[in-house]
Amino acid sequence: MTKAVLGIIGGSGIYDLPGLEAVEEIKVASPWGEPSDLVRRGRLGATDIVFLPRHGRGHVLGPSDINYRANIDVLKRMGVTDLVSLSAVGSFKGDLPPGTFVLADQFIDRTFKREPSFFGAGCVAHVAFSHPVAPLLQKRVAAAAAAAGIGHAVGGTSVCMEGPAFSTLAESLFHKAQGWDLIGMTSMPEAKLAREAEIAYCFVGMVTDFDAWHEEAGPVDVALVMHHLNANADKGRRLVARLARDFPAEHEPCPVGSDRALEFAIVTAKEQRDPALLAKLDAVAGRVL
Ligand SMILES: CSC[C@H]1O[C@H](OP(=O)(O)O)[C@H](O)[C@@H]1O
Ligand SMILES: Nc1ncnc2[nH]cnc12
């Protein structure tokens, strides 16, 4: 029996959660470096919430500057069992227009400048990741979106680019031609690291634009993103409030194994493991080390 703690990562436009009660701001130290900001712990009704703005307050970090490992590590240290990631995304589908919340459940990783794992030389691990999103958490988020009257779609593939520049027209047409649904800059390696930390993960892509492919809408720029971001941010906060209302007190075991991903993942022989790396893994992998 594990007490559920709901983590929320706020993306562009979501730097706080105004409804949070009994809020404490906590500087959580991480052996993985500096997280994006102080974490804010509080309650929404009966649910414990831990909030972290991905880009930091004032949006000081770009997508390649974020220390994704430190962010996931501090959320784990705060007891987060279930994590909802809010993210502004572009859409490749005419029927997923700006304002739609898309609960994508597959990712394509096209990043190349980020640390993708807590593990490596001295403690090698390979987690299963065929189903990166936790279905029960996703079901709860979808139910909350429906109850809050937020237009949403369940399922889809989101490609994560390095950025920070948006895509060229050729890249956008290429991504669209693959049949992918969304594009963003932050789902990777966030979702991979959440899996390594045995945290159930649900991605909410809040559509702000049609990237560069749409002839009438014209190519994406920050002004367009910001225009839709503010309305999306209010809906994102409403979604979290509705989700927290009925969130179970106990973490629900994940049918795809998000919460026990390390059970058989570590392959380095016990006597060969590097004590310095093991010390850094205390929160993420303490359960199995
Ligand atoms: C401000 S537009 C591009 C920026 O917005 C998205 O951020 P997030 O995923 O944190 O909402 C996108 O990934 C880029 O980082
Ligand atoms: N079109 C786009 N490409 C990448 N990241 C985004 N975030 C919001 N819109 C985006």
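Below, the structure is looked at part by part. Note that this is a predicted model, so its numbers are computed, not measured.

Below, the discussion takes up the packing of helix α1 (residues 68–77) against helix α4 (residues 187–196). Look at α1 against α4: their axes get within 9 Å of each other, and the N-to-C directions meet at 40°. For the pair α1 and α4, the sense of crossing is right-handed. Taken together, the residues of α4 that come into contact with α1 (itself represented by Tyr68, Arg69 and Ile72) are Met188, Pro189, Glu190, Leu193 and Ala194.

Attention now goes to the nonpolar core. Formed by 45 residues in total, the largest nonpolar core has its most connected members in Val39, Ile72, Leu83, Phe118, Phe119 and Leu281. Among residues more than four places away in sequence, those in contact with Phe118 are Trp32, Arg69, Ile72, Asp73, Leu193, Glu196, Ala197, Leu277, Leu281 and Val284. Within the second largest apolar cluster, 32 residues are counted, among which are Ile49, Ala148, Ile150 and Val204.

Enumeration over the complete set of coordinates arrives at 4 aromatic pairs. Measuring from centroid to centroid gives 6.4 Å for Phe107 and Tyr201, while their planes differ by 65°, and the two rings are edge-to-face. In this pair, Phe107 sits in strand β7 (residues 106–110) while Tyr201 sits in strand β11 (residues 200–209), placing the two residues 94 residues apart along the sequence. Judged by relative accessible area, Phe107 falls into the buried class, the value being 11%. Among the residues examined, Tyr201 registers a relative accessible area of 1% and is labelled buried. Seen in terms of ring centroids, Phe107 and Phe203 are 5.4 Å apart; in terms of plane orientation they differ by 90°. Their pairing is edge-to-face. Remark: Phe203 occurs in strand β11 and Phe107 occurs in strand β7; sequence separation between them is 96 residues. Taken together, the aromatic side chains of Phe107, Tyr201 and Phe203 make up a single cluster linked through ring pairs. Its end group placed over the ring of Trp213, Lys176 keeps NZ or CZ at 4.1 Å from the ring centre. For the cation-ring pair, Lys280 lies above Trp32, with the distance from its terminal atom to the ring centre recorded as 4.2 Å.

Another aspect to go through is the site of ligand 1. Neighbouring residues of ligand 1: Gly11, Ser12, Arg54, His55, Pro63, Ser87, Ala88, Phe166, Gly184, Met185, Thr186 and Val225. In the model, an oxygen atom of ligand 1 is placed 2.9 Å from a nitrogen or oxygen of the Met185 main chain. A total of 390 Å² of accessible area belongs to ligand 1 in isolation, and the protein chains cover 92% of it. Of the residues in the shell around ligand 1, the class split is 5 nonpolar, 6 polar and 1 charged.

Another aspect to go through is the packing of helix α2 (residues 135–147) against helix α5 (residues 222–245). In the contact formed by α2 and α5, the axes pass within 8 Å of each other and the chain directions differ by 115°. In terms of orientation, α2 and α5 fall into the roughly perpendicular class. Here the hand of the crossing between α2 and α5 comes out right-handed. Residues Arg140, Val141, Ala144, Ala145 and Ala147 of α2 form the contact with α5, whose own contacting residues are Leu239, Arg242 and Leu243. Split into classes, the residues belonging to the contact of α2 with α5 amount to 6 nonpolar, no polar and 2 charged.

Analysis parameters
- Residues numbered from 1 in each chain as written.
- Chains lettered and ligands numbered in written order.
- Predicted model: local features only at pLDDT ≥ 70, side-chain atom pairs only at ≥ 80, totals over all residues.
- Heavy atoms only, no water.
- Axes fitted to C-alpha atoms, helices over the stretch in contact; angles between N-to-C directions.
- Helix = DSSP H or I, 4+ residues; strand = E, 2+ residues; numbered from the N terminus.
- Left-handed = near helix turned anticlockwise from the far one by under 90°.
- Contact = heavy atoms within 4.5 Å.
- Core = buried A, V, L, I, M, F, W, Y, C linked by side-chain atoms within 4.5 Å.
- Buried < 20%, exposed > 50% of the residue type's maximum accessible area, 1.4 Å probe, protein only.
- Phe/Tyr/Trp six-rings, centres within 6.5 Å; stacked < 30°, edge-to-face > 60°.
- Lys NZ or Arg CZ within 6 Å of the ring centre and 35° of its normal.
- Near = heavy atom within 4 Å.
- Polar contact = N/O pair within 3.5 Å; in protein donor to acceptor, adjacent residues only side chain to side chain.
- Areas by Shrake-Rupley, 256 points an atom, 1.4 Å probe, with all protein chains shown as cover.
- Nonpolar A, V, L, I, M, F, W, Y, C, P; charged D, E, K, R; others polar.
- Parallel < 35°, antiparallel > 145°, perpendicular 65-115°, else oblique.

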